[in-house]
Amino acid sequence: MATYTIIHADGFIAKDGAGYRDLKLDWLPDDILAVQAAADGSADLEKGVRSTLTITANEDIADVATLSWWSNVNATWQAAYDAEQAAIAAAAAAAAEAGGE
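Before going into details, it helps to say that this report is about the structure given with it. (Residues numbered from 1 in each chain as written. Predicted model: local features only at pLDDT ≥ 70, side-chain atom pairs only at ≥ 80, totals over all residues. Heavy atoms only, no water.)

1. Quick word on the side chain of Thr76
The test is simple: Strands are runs of DSSP state E lasting at least two residues, helices are runs of H or I lasting at least four, and both sets are numbered from the N terminus onward. Whether two residues are in contact is decided by their heavy atoms, any of which lying within 4.5 Å being enough.
Along the chain, the position of Thr76 falls in helix 1 (residues 71-99). Not counting residues up to four positions away in its chain, the partners in contact with Thr76 are Ile13, Leu23, Lys24, Leu25 and Trp27.

Structure below.
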């Protein structure tokens, strides 16, 4: 499994160090501020009040697969990655076309 970092305030998800921000994380429970998930599937959930970014608790999770919302994490990251790769390919195609004129 990959490692993940999620920061709700920034709309940020990183997978194995490759991160994207300004993502829509509306699937994340209201009391989750941040998540650090290890490759073994365990995670630390930072819980609190989003409006003030006040941390109220940390919760250790043995297996992220038990979290009902976890399937959204990789799907959201993958969509951002795919969009980035499409933009790179489009830019390369445009540059090649401009160079061929």
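So that's the structure; there's more coming.
2. Observations concerning the pattern of salt bridges
Cut-off, in case you're wondering: Salt bridge, as used here, is a side-chain nitrogen of Lys or Arg placed within 4 Å of a carboxyl oxygen of Asp or Glu.
Applying the stated criterion to the full structure yields five salt bridges. With a closest N to O distance of 3.8 Å, Arg21 and Asp10 form a salt bridge. You can see Arg21 sitting in the loop between strand 3 (18-20) and strand 4 (32-37) and its partner Asp10 sitting in the loop between strand 1 (4-7) and strand 2 (12-15), a full 11 residues away along the chain. A salt bridge links Glu59 to Lys47, with the shortest nitrogen-to-oxygen separation between them at 2.5 Å. Linking Glu59 in strand 6 (residues 54-61) with Lys47 in strand 5 (residues 43-49), this pair joins segments that are 12 residues apart in sequence. One network of salt bridges, in which partners are shared, links Asp31, Lys47 and Glu59.

3. Regarding the nonpolar core
What counts here: Among buried residues, the Ala, Val, Leu, Ile, Met, Phe, Trp, Tyr and Cys ones that are joined through side-chain atoms within 4.5 Å form a nonpolar core. Any residue under 20% of the maximum accessible area for its type is buried, any over 50% is exposed, and the rest in between are partly exposed; the area is computed with a 1.4 Å probe on protein chains only.
Residues Ile6, Ile13, Val35, Trp69, Trp70 and Val73 are the most contacted members of the largest nonpolar core, which totals 22 residues. Mapped by element, the contributors of at least two residues to this core are strand 1, strand 4, strand 5 and helix 1. Ignoring any residue separated from it by four or fewer positions in sequence, one finds Val35 in contact with Tyr4, Thr5, Ile6, Ala43, Asp44, Leu45, Trp69 and Trp70.

4. Overview of the packing of aromatic side chains
For clarity, the threshold we go by: Pairing of aromatic rings covers Phe, Tyr and the six-membered ring of Trp, with a centre-to-centre limit of 6.5 Å; geometry is then stacked below 30 degrees between planes, edge-to-face above 60, and tilted otherwise.
Counted by the stated rule, this structure contains five aromatic pairs. Both rings, one in Trp69 and one in Trp70, keep their centres 5.7 Å apart while their planes meet at 55°; by these two values the pair is tilted. Residue Trp69 shares its accessibility class with Trp70, and that shared class is buried. Taken together, the ring pairs in this structure connect Tyr4, Trp27, Trp69 and Trp70 into an aromatic cluster.

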